[in-house]
Structures are given as structure tokens and as C-alpha cells.
Amino acid sequence: LLKPTLEVEEFVAVLKRCQEMLQRNRKRAAEKERYDRHSVMRGRKKLEHDIIRLLASNQTDFRFTDILGKQDCSYVCAFVMPDGLEESQELYGRLHIGVIFEDIQASFYESFDKGSAPIFAGEGLFLVYPDSEGTEETVGAFKRLIETELGMSVTIGYTVEPETEVVEHSLRRSREAGWRRFYEGTGRIYKWRNPRNGEDVAGGPAEMNMHAVLERIRTSRHHATVIESMISRWRSGGLSPEHVRKEAYELLSALAYSDGESNSSVVGCREMIGRCETMDRLEACVRGLIEELEHPGATY
């Protein structure tokens, strides 16, 4: 281009070659970027599948270092649970729930450069990513992102674990933190805390002897006393939500049996109880179902 004798046609041809060269370079750079991004995503998806596979097998003692290598860091383990999941499934079906989980997972991978987000179908997502300063802020920011971009409420339970910790223990703790939704409300963030007296929350109070409960119902003049004692037990906070729902259904079955009703009269109760995400909703549901059992056909 510095030659003074360069003709117009030659000048245009040089510019075209430069343009073609730039376009080829940009195309190669874009292809490399896509390849790198896909390569990273393949690695993260492999980690995701490894975690699920190992948790589903008998190899439940594997640690973060076993699947991630030694990184000299701690990991944030967060369990994300969409609120109102049972109602959504009833309205839109299982396929819709799967799409919700995939949308949350895609948002995580777009927002976090490292980490994995295995999906636990019908329950939630287990997020694992390296810890950094401001853990509560990063979890909160992700929660707000989900609420804004996907238009849904989520509850998140989380814990921060050293890389030498067993992954299954970390999953259980993040889930246990999320259980507080049942007792304290939806749409919040809960950090795992050590159980009182060093006991495991998953163990909770002693197993309820439902035969004894049935005997109390038979011998009690007023069922209300038995019902109130059961609700008080549930509100103690020592049982998992699933265990509370199980006892609630068994209580209704015992009441129906004592009144001479068949099991078919409480079959629909199981689904109604299963949709109760909080203790307040469960109590209201149980009281309403008991009223229906005691006064069938009445209008309230």
C-alpha cells in the first residue's frame, strides 16, 4: 500500500484480501471459542454425571478430592428447591417440571465459571462450586437471578464444606438446611447448622408407634387431644418434612379406621398432604381432612 505506483484495481484487491483474511481469522477465533466452551461444558456435565452415578451406587464414601482432585479450596454445596413444585406438576405435568430444572441448571452454568449442578428429579438441584468470599451474597444473587429471569420462587439450603468432605454428607446437609422451608417458610435461603446436642436431624425424635396412636384414638373420648399432641410433635422441628407427611397420613388412616371407614376414604388424602410444603399448610390440610372424615358432606 505504500507503493506510489499502486493502481486503483490493485488497491481494491489488496483491501479485499485483507478483509477475507480478517473474516477467516474471526471465524477461526469464534470456532475456537465455541469449541473451548463446549469442551468446558462437557467436563462439567461429566462431573455432574459422575456425582449422580456415584451417589446412586454403593460408592457413597467418595470425597470432593476423589472427583475433582486436590484444589486447596472449600466448596459451596447448595440444594435448590423450586417452590410450589407439586402444584406445578399437577397443573402442567412432569415434563414441565423437567423443563424447570433444566432452566435453573442452564442459568447456573451461565452464571458460574466452575462447578456442577446435578438434577435430582422431582426434588431439586445440587449445586457444587468453589467457595469464595461472600458465599451468602453469591447464593443470594443466584436466587434473585432465578426469580427475575425464570419468574419462579425457590428455596435454597446450603453448606460450605472442605474438599476432604464426603460428597454424600454435603448433599444431606444442604438438603437438611432446605428442610427448614417446611417449618420457617418458602422463598428463603437457609444455611446448614449443627443439630442440637450433636444429634443428626435425619434421625429426629423416636419413631412414632402408630399402633399406640390408634389405641389412644380408640380409648380417647375426644380425638382432639390425640390430634393436638401429634401436631405438637410435628412442630418440634426434629422430623424431616417427608416423615411428618407420612405420620399425618397414618394419623388420618387411624382416625378413619376407628370410625369404621374404609381405606379408600383417605386415599386422596395422601396426595393433598404431599402438596403441603410448609407446616402451616400441612396443619390446615390435616384439620380440614379430619373435619371431612368426622362430618362427611358438611359445608364449611
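For the structure itself, look to the data block above.
Residues numbered from 1 in each chain as written. Predicted model: local features only at pLDDT ≥ 70, side-chain atom pairs only at ≥ 80, totals over all residues. Heavy atoms only, no water.

A. Spotlight on the overall build of the chain. Helices and strands together make up the secondary structure of the chain, namely 11 helices and 5 strands. Evaluated residue by residue, the chain yields a buried proportion of 38% over its 300 residues. The contacts of the chain with a sequence gap of at least 6 include a subset with a gap of at least 24, amounting to 66%. Carbon and sulfur atoms provide 51% of the accessible area of the chain, an area that totals close to 17,700 Å². (Helix = DSSP H or I, 4+ residues; strand = E, 2+ residues; numbered from the N terminus. Buried < 20%, exposed > 50% of the residue type's maximum accessible area, 1.4 Å probe, protein only. Contact = heavy atoms within 4.5 Å. Areas by Shrake-Rupley, 256 points an atom, 1.4 Å probe, with all protein chains shown as cover.)

B. Main features of the sheet that holds strand S2 (residues 119–120). Strand order in this open sheet of 5 strands is S2-S3-S1-S4-S5, and the pairing throughout is mixed. Two strands in the sheet have a free side with no partner beyond their single neighbour: S2 and strand S5 (189–191). The pairing of strand S4 (residues 154–162) with S5 spans 3 bridges and is classified as parallel. Paired with Tyr158 across the strands is Lys191, a residue of S5. Lying on the sheet, helix H4 (residues 94–111) is in contact with strand S1 (74–82), S2, strand S3 (124–130) and S4; it crosses S3 at an angle near 10°. (Pairing = 2+ DSSP bridges. Axes fitted to C-alpha atoms, helices over the stretch in contact; angles between N-to-C directions.)

C. Quick peek at the environment of Asp66. Here Asp66 shows up in helix H2 (residues 64–68). Sequence separation between Asp66 and Thr164 is 98 residues, and the spatial gap between their C-alpha atoms is 8.7 Å. Among the polar contacts made by the side chain of Asp66, one reaches the main-chain amide nitrogen of Arg63 at a distance of 2.8 Å. (Polar contact = N/O pair within 3.5 Å; in protein donor to acceptor, adjacent residues only side chain to side chain.)

D. How the structure looks around the environment of Glu294. Inspection of the secondary structure puts Glu294 in helix H11 (residues 279–294). When the C-alpha positions of Glu294 and Ala256 are compared, they lie 8.6 Å apart, and in sequence the two are 38 residues distant.

Structural measurements only, silent on function.
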